[in-house]
Amino acid sequence: MAEPLLEVDGLTRHFDLGSGRTLHAVDGVSFRLAREEILGLVGESGSGKSTLGKTLLGLLEKTRGTVRFEGETLPQRYGPKDHRRLATRMQMIFQDPYSSLNPRMTAGEIIGEGLRLHGRQSDQEVRAAVTHWLEAVGLRAEHAGRYPHEFSGGQRQRIGIARAMILEPTFVVCDEPISALDVSVQAQVVNLLAELKAALGLTLLFIAHDLSMVRYVSDRMAVMYLGSLIELGASDDVFFRPKHPYTQLLIASNPEPDPALARAPRPTMSGEIPSPVNLGDGCRFAGRCPDATEHCRRVTPSLKPVADGEDKTLRLVACHLYT
Ligand code: SF4
């Protein structure tokens, strides 16, 4: 891999629930992200994907671990100056285009707010940048004066994308950017993100539920379960030849939209994702894994390289079946 843009080591975010109870939202996550790479992050609801994205960007304080971005070790806890300084380099596109836009601000005010907060440009320059970004995301200049409720869901997500892009970041966390949208507009928003990524040389962490969409859009795919990464590799390798039992079941539960690619009926996931409170030793998937042994219940598997001559990139898997 080329010189990484982002180096994440042992990133951990716990929440103290009181009475000796700790919620392990993100637990010891490590990975590298190359410049202009798209890493897809998948897993069930409650696996810690969004918390990982927010902790990476300093929207949540780290409990432990380090994040190096463009060679700089980022602070453990951000102050207002850190947020302002890093906002021009790292941005987030949120899941819900309904709640993430201030209903009392016009689209133009929402998109231009970041530039105004930085105070480096005149009102006229901010207005010109807003017009540019409205058009770049497929809206029109006259939309600047309208309020969020006057737009469709897809248009609101385009406003959210313009708001993130106007600061010209190098790294963007896309936190389930399509899951609140109608299926008919999901592909449009994904294609817009792919076009912007290619035009601007962006690096993206693309968090989503839809594994087919993640495979389509991302170079590599990371699978998260109960706060930990359990598999990481080239998207096609992970999607078509999953190694971790959880990834295999997750992909088996994913509806295949193309009948030509539909596979024979396969086992599906049983049970719910367990509570991430006060997790002990052992594999976190042991309670749902068809291959679990006594050893799995006692010893936590770590994410390790698994040799596979067919893989396009190094495959990492956290499972005792491969040790
Ligand atoms: Fe299943 Fe054991 Fe592998 Fe965990 S370590 S996924 S329980 S086989």
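Residues numbered from 1 in each chain as written. Predicted model: local features only at pLDDT ≥ 70, side-chain atom pairs only at ≥ 80, totals over all residues. Heavy atoms only, no water.

1. Re the site of the ligand
If you check the shell around the ligand, you find 13 residues, and the closest are Cys 283, Cys 289, Cys 296, Cys 319 and His 320. Partitioning the shell around the ligand into residue classes produces 10 nonpolar, 2 polar and 1 charged. (Near = heavy atom within 4 Å. Nonpolar A, V, L, I, M, F, W, Y, C, P; charged D, E, K, R; others polar.)

2. Side note on the pattern of salt bridges
Inspection of the entire model under this criterion finds 22 salt bridges. Ionic pairing is found between Glu 231 and Arg 315, a salt bridge with its closest N-O pair at 2.6 Å. In this pair, Glu 231 sits in strand E10 (residues 228–234) while Arg 315 sits in the loop between strand E11 (304–305) and strand E12 (316–317), placing the two residues 84 residues apart along the sequence. Residue Glu 231 is classed as buried on the basis of its relative accessible area, which comes to 0%. Among the charged side chains, a network of salt bridges with common partners joins Arg 35, Glu 70, Glu 72, Asp 82, Arg 85 and Arg 89. (Salt bridge = Lys/Arg side-chain N within 4 Å of Asp/Glu carboxyl O. Helix = DSSP H or I, 4+ residues; strand = E, 2+ residues; numbered from the N terminus. Buried < 20%, exposed > 50% of the residue type's maximum accessible area, 1.4 Å probe, protein only.)

3. Some points on the nonpolar core
In this structure, Ile 161 and Phe 206 are the most contacted members of the largest nonpolar core, which totals 61 residues. Excluding its chain neighbours within four sequence positions, the residues that come into contact with Phe 206 are Ile 38, Leu 39, Gly 40, Leu 41, Cys 174, Pro 177, Val 190, Leu 193, Val 214 and Val 217. By size, the runner-up hydrophobic cluster in this structure holds 29 residues, among which are Leu 11, Leu 57, Leu 74 and Leu 86. (Core = buried A, V, L, I, M, F, W, Y, C linked by side-chain atoms within 4.5 Å. Contact = heavy atoms within 4.5 Å.)

4. So, helix H9 (residues 245–252)
Counting buried positions over the 8 residues of H9 gives 7, a clear majority of the element. Residues Pro 245, Tyr 246, Thr 247, Leu 249, Leu 250, Ile 251 and Ala 252 constitute the buried set of H9. Taken together, the buried residues of H9 touch strand E3 (38–42), helix H7 (211–217), strand E9 (220–225), E10 and helix H8 (235–240).

5. As for unusual backbone geometry
For Glu 70, which is not glycine, the phi torsion reads 50° and is therefore positive. Tracing the backbone shows Glu 70 in the loop between strand E4 (64–69) and strand E5 (72–73). Although it is not a glycine, Glu 168 adopts a positive phi angle of roughly 55°. Along the chain, the position of Glu 168 falls in the loop between helix H5 (153–165) and strand E7 (171–175).

6. Description of the pairing of E7
Consecutive side chains along a regular strand alternate between the two faces of the sheet. Of all 5 residues making up E7, 5 are buried, and the element is well covered by its neighbours. The alternating pattern of E7 places Phe 171, Val 173 and Asp 175 on one face and Val 172 and Cys 174 on the opposite face, and all of these are buried. By the bridge criterion, 4 bridges tie strand E6 (residues 90–93) to E7 in an arrangement that is parallel. Within E7, the position partnered with Met 90 by the bridge is Phe 171. (Pairing = 2+ DSSP bridges.)

7. What about the packing of aromatic side chains?
Applying the stated rule across the entire model yields 5 aromatic pairs. Consider the rings of Phe 239 and Phe 240, whose centres lie 5.2 Å apart with planes at 90°: the pair is edge-to-face. Lying over the aromatic face of Phe 15, Arg 13 brings its terminal NZ or CZ to 4.2 Å of the ring centre. (Phe/Tyr/Trp six-rings, centres within 6.5 Å; stacked < 30°, edge-to-face > 60°. Lys NZ or Arg CZ within 6 Å of the ring centre and 35° of its normal.)

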